[in-house]
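If you want the building blocks of each chain, they are given just below.
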Amino acid sequence: VLSPVTDDFFRENLCTDFGALHDIVHAKLAEMKMANPQLAGNVSFSTIAEMQKFVEKYPEMNKLKDNVSKHVNILHALSGLVDRHCLMEVSEIEQQLACVQDHRTAHKQVMQMLSDDKVRDVDKLRLALLYALRYQKESEEKGTLPQIERALPSRPLEGSFLSSSGGDEHA
């Protein structure tokens, strides 16, 4: 059970992003390796799977092993979700939509994500909404918003919503 009350690692890293969490777990495993010189062989931690194998291979480290193993397993499961649903790519495009003014590239990237079967519908909707809010004027001038709407799985965006979303206020 993950609880910030009973799990120091969880409490310390509760709001840590995925990339930083990977680095922290990697450092914990390296710490385990250094604390146990008999483990200092040619062990590599370049992938989450290698981290998981290392933790499973040395059961004699009981409490520390159980705690690290739990977090490596969680990291492995999260990594699978991130990969399976293209969450890194989705996140990158969200950042671009929020911070970069490049309508052509944004439209192309959003359309690619909307056509990718691995991207979840909720992520597609969020990308479409961010695009609509960010580029309301440009998309009206160039007619790109209807393309975005047609590419959505169930066309959840209505013209009345977009016209009342206040693009002038969000730009």
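Structure: see above.
Residues numbered from 1 in each chain as written. Predicted model: local features only at pLDDT ≥ 70, side-chain atom pairs only at ≥ 80, totals over all residues. Heavy atoms only, no water.

1. Let's talk about the overall build of the protein chain
Our working rule: A helix here means a DSSP run of H or I that spans at least four residues, while a strand means a run of E at least two residues long, and both kinds are numbered starting from the N terminus. For the exposure calls, accessible area comes from a 1.4 Å probe over protein chains only, and a residue counts as buried if that area is under 20% of its type's maximum, exposed if over 50%, partly exposed in between. What makes two residues a contact is simply this: any of their non-hydrogen atoms within 4.5 Å. Surface exposure here means Shrake-Rupley accessible area, sampled with a 1.4 Å probe, where a residue is shielded only by the protein chains that are shown.
Scanning the protein chain from N- to C-terminus turns up 11 helices and 0 strands. For the protein chain, the N- to C-terminal ordering of α and β elements is α-α-α-α-α-α-α-α-α-α-α. Within the span of the protein chain, comprising 171 residues, buried residues form 34% of the whole. When contacts within the protein chain are restricted to residue pairs at least 6 apart in sequence, long-range pairs at least 24 apart make up 60% of them. Surface accessibility of the protein chain: about 10500 Å² in total, with carbon and sulfur atoms responsible for 53%.

2. So, the environment of H107
Inspection of the secondary structure puts H107 in helix 6 (residues 103-114). Sequence separation between H107 and Y135 is 28 residues, and the spatial gap between their C-alpha atoms is 9.1 Å.

3. Some thoughts on the layout of surface pockets
Counted only if it meets this: Grid spacing is 1 Å over the protein atoms alone, the probe is 1.4 Å, and a cavity is where that probe fits but cannot get out, while a pocket is an open set with protein on both sides within 12 Å along at least five of seven lines and lining residues have an atom within 4 Å of a point. Grid points are joined across faces, edges and corners, and a volume is the space filled by probe spheres set on the points. In this count, Pro and Cys sit with the nonpolar residues alongside Ala, Val, Leu, Ile, Met, Phe, Trp and Tyr, while Asp, Glu, Lys and Arg are called charged and the others, Gly among them, polar.
The space that makes up the second largest pocket amounts to roughly 210 Å³. Contributing to the lining of the second largest pocket are 13 residues, with F10, N13, L21, I74 and L78 lying nearest its centre. Contributions of two or more residues to the lining of the second largest pocket are made by helix 1 (8-12), helix 2 (18-35) and helix 4 (62-84). The residue makeup of the lining of the second largest pocket, split by class, is 9 nonpolar, 3 polar and 1 charged.

4. Points about the side chain of H71
Of note, H71 is situated in helix 4. Relative accessible area serves as the criterion here: at 9%, H71 is assigned to the buried category. Once residues within four sequence positions are removed from consideration, H71 is found in contact with L2, D7, F9 and F10.

5. A short note on the pattern of salt bridges
Side chains bearing opposite charge may pair, as long as their charged atoms lie close to each other. Filter applied, for reference: Basic side-chain nitrogens of Lys or Arg form a salt bridge, by our definition, when they fall within 4 Å of a carboxyl oxygen of Asp or Glu.
Enumeration according to the criterion identifies 5 salt bridges in this entry. The closest approach of N and O atoms between R120 and D123, which form a salt bridge, is 2.9 Å. Accessibility expressed as a relative area gives 36% for R120, which makes it partly exposed. On the accessibility criterion, D123 (0% relative accessible area) is buried. D123 is the partner of R126 in a salt bridge, and the nearest nitrogen-oxygen pair spans 2.6 Å. Separated by 3 residues within a single helix, R126 and D123 lie in helix 7 (residues 121-134), roughly one turn from each other. Through salt bridges with shared partners, a single network forms among E94, R120, D123 and R126.

6. Structural notes on helix 6
Our working rule: Between the first and last residue of a helix there are one fewer steps than residues, each counted as 1.5 Å, and that sum is the expected span. The arc refers to the directions leading from the helix axis to the C-beta atoms.
Taking 1.5 Å as the rise per residue, helix 6 with 12 residues should run 16 Å; its terminal C-alpha atoms sit 16 Å apart, in good agreement. Taken residue by residue, helix 6 has H103, A106, H107, V110, M113 and L114 as its buried positions. One side of helix 6 holds all its buried residues, which, seen down the axis, span an arc of 130 degrees. When the buried face of helix 6 is taken as reference, the exposed residues oriented beyond 90 degrees from it are R104 and K108. For helix 6, the secondary structure elements touched by its buried residues are helix 5 (87-99), helix 7, helix 8 (136-142) and helix 9 (145-151).

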